[in-house]
Amino acid sequence: MSGTPGSFPWQRGVRAAAALTFDVDAESCALVQDPGSVERMSLMGHQSYGPRVGVPRLLSVLRRHDVRATFFVPGYTAECYPDAVRAIVDDGHEVAHHGYVHESMRGLGEREEADYLDRGLEALERVAGVRPTGYRAPWWEMNWHTPKLLADRGFTYDSSLLDDDVPYLMTSSGAGSTELVEIPVDWSLDDWEQFAFYPGWTGSGVIESPLKALEMWSLEATTRHAEGGCFVLTAHPFLSGRPAKANVLDQLLELLRSLDGMWVTSLAEIAAHARPVCGPARTHERLTDVPV
């Protein structure tokens, strides 16, 4: 089913699906790399722009188009900006899990990763009154044991892998594995690669024109629509919540909603549809015969 254009069984009247997703990282993604960044007042302000200014602007754009989106929120962000997270919930959007302090999960053992998952869950439930069903690994770094940790905690889907164009059921090898829906992502559909730059922290120094990003994302959207695929945009409020970039998302939503049979919705709704129609689960297994 996967990898064959037009083969995914969307519901009657739907040709393809699209979701706008927002990673509300705020200060966490800078602090986790260098806790000393807390002393950099300008960098902290650059990041806090996301929940303070970007989120309200993006909520207004989504409201104008009557579109429900998915916001991946680190637990630390929820604790620092409870009003912003509650505003997301009050507007009817999905809040999903994105670590506690956007810590990279790469190479973590099960116990340490489980502690981060639990701490993030506790923060989101305490601040926003939500128990997320969706997860996105910070930096999109999954471990081979991550699917089981997620399933054990009641998650129904993940959106961290980059190995398909449509949702699929996945499981991991080994005892106790449980199926999750995977909704794949793509670096070309991430605003970080287009807009993220801060001296001494991240980026190449080249901040692309929002019109270039709109051209890229529009081409992806129309192509995935033609193939019956799933378009998942990953944006960050401290980047795409700024005026001209939010305007680009407004134009992108106009395009998405104009495509016949394009279902624009949250990842939770896509996952709920996908689970019973995906077919046999794909087992992810670590390579064993690796040349050195």
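This report concerns the structure included in the present document. (Residues numbered from 1 in each chain as written. Predicted model: local features only at pLDDT ≥ 70, side-chain atom pairs only at ≥ 80, totals over all residues. Heavy atoms only, no water.)

Turning our attention to the packing of helix 2 (residues 41-65) against helix 4 (residues 82-90). Axis separation between helix 2 and helix 4 bottoms out at 10 Å; the angle between their running directions is 10°. The orientation of helix 2 with respect to helix 4, classified from their angle, is roughly parallel. Contacts between helix 2 and helix 4 pair Pro 51, Val 55 and Leu 59 from the former with Ala 84, Ala 87 and Ile 88 from the latter. When the residues that make up the contact of helix 2 with helix 4 are grouped by side-chain class, the tally is six nonpolar, no polar and no charged. (Axes fitted to C-alpha atoms, helices over the stretch in contact; angles between N-to-C directions. Helix = DSSP H or I, 4+ residues; strand = E, 2+ residues; numbered from the N terminus. Parallel < 35°, antiparallel > 145°, perpendicular 65-115°, else oblique. Contact = heavy atoms within 4.5 Å. Nonpolar A, V, L, I, M, F, W, Y, C, P; charged D, E, K, R; others polar.)

Quick look at the pattern of salt bridges now. Evaluation of the coordinates by the stated rule reveals 17 salt bridges. One salt bridge connects Arg 68 with Glu 269, and the closest N-O pair in it is separated by 3.5 Å. Highlighted residues: Arg 68 in the loop between helix 2 and strand 2 (70-73) and Glu 269 in helix 11 (residues 267-274), separated in sequence by 201 residues. Asp 118 is the salt-bridge partner of Arg 111, the closest N and O atoms lying 3.9 Å from each other. The exposure class of Asp 118 is partly exposed, given its relative accessible area of 32%. Because the salt bridges share partners, they merge into one network encompassing Arg 111, Asp 115, Asp 118 and Arg 153. (Salt bridge = Lys/Arg side-chain N within 4 Å of Asp/Glu carboxyl O. Buried < 20%, exposed > 50% of the residue type's maximum accessible area, 1.4 Å probe, protein only.)

Our next topic: the environment of Pro 74. Following the sequence through the fold, Pro 74 ends up in the loop between strand 2 and helix 3 (75-80). Those residues in contact with Pro 74 that lie beyond four places of it in its chain are Val 24, Asp 25, Ser 28, His 98, Gly 99, Tyr 100 and His 102.

A separate point is the nonpolar core. Phe 22, Phe 71, Trp 217, Phe 231 and Leu 256 are the most contacted members of the largest nonpolar core, which totals 51 residues. Residue contributions to this core peak at seven residues, all from helix 2. Ignoring anything within four residues of it in the chain, the contact list for Leu 256 reads Ala 18, Leu 20, Ala 221, Phe 231, Met 262 and Val 264. Counting 21 residues, the second largest nonpolar core, distinct from the first, contains Val 14, Ala 19, Trp 140 and Val 166. (Core = buried A, V, L, I, M, F, W, Y, C linked by side-chain atoms within 4.5 Å.)

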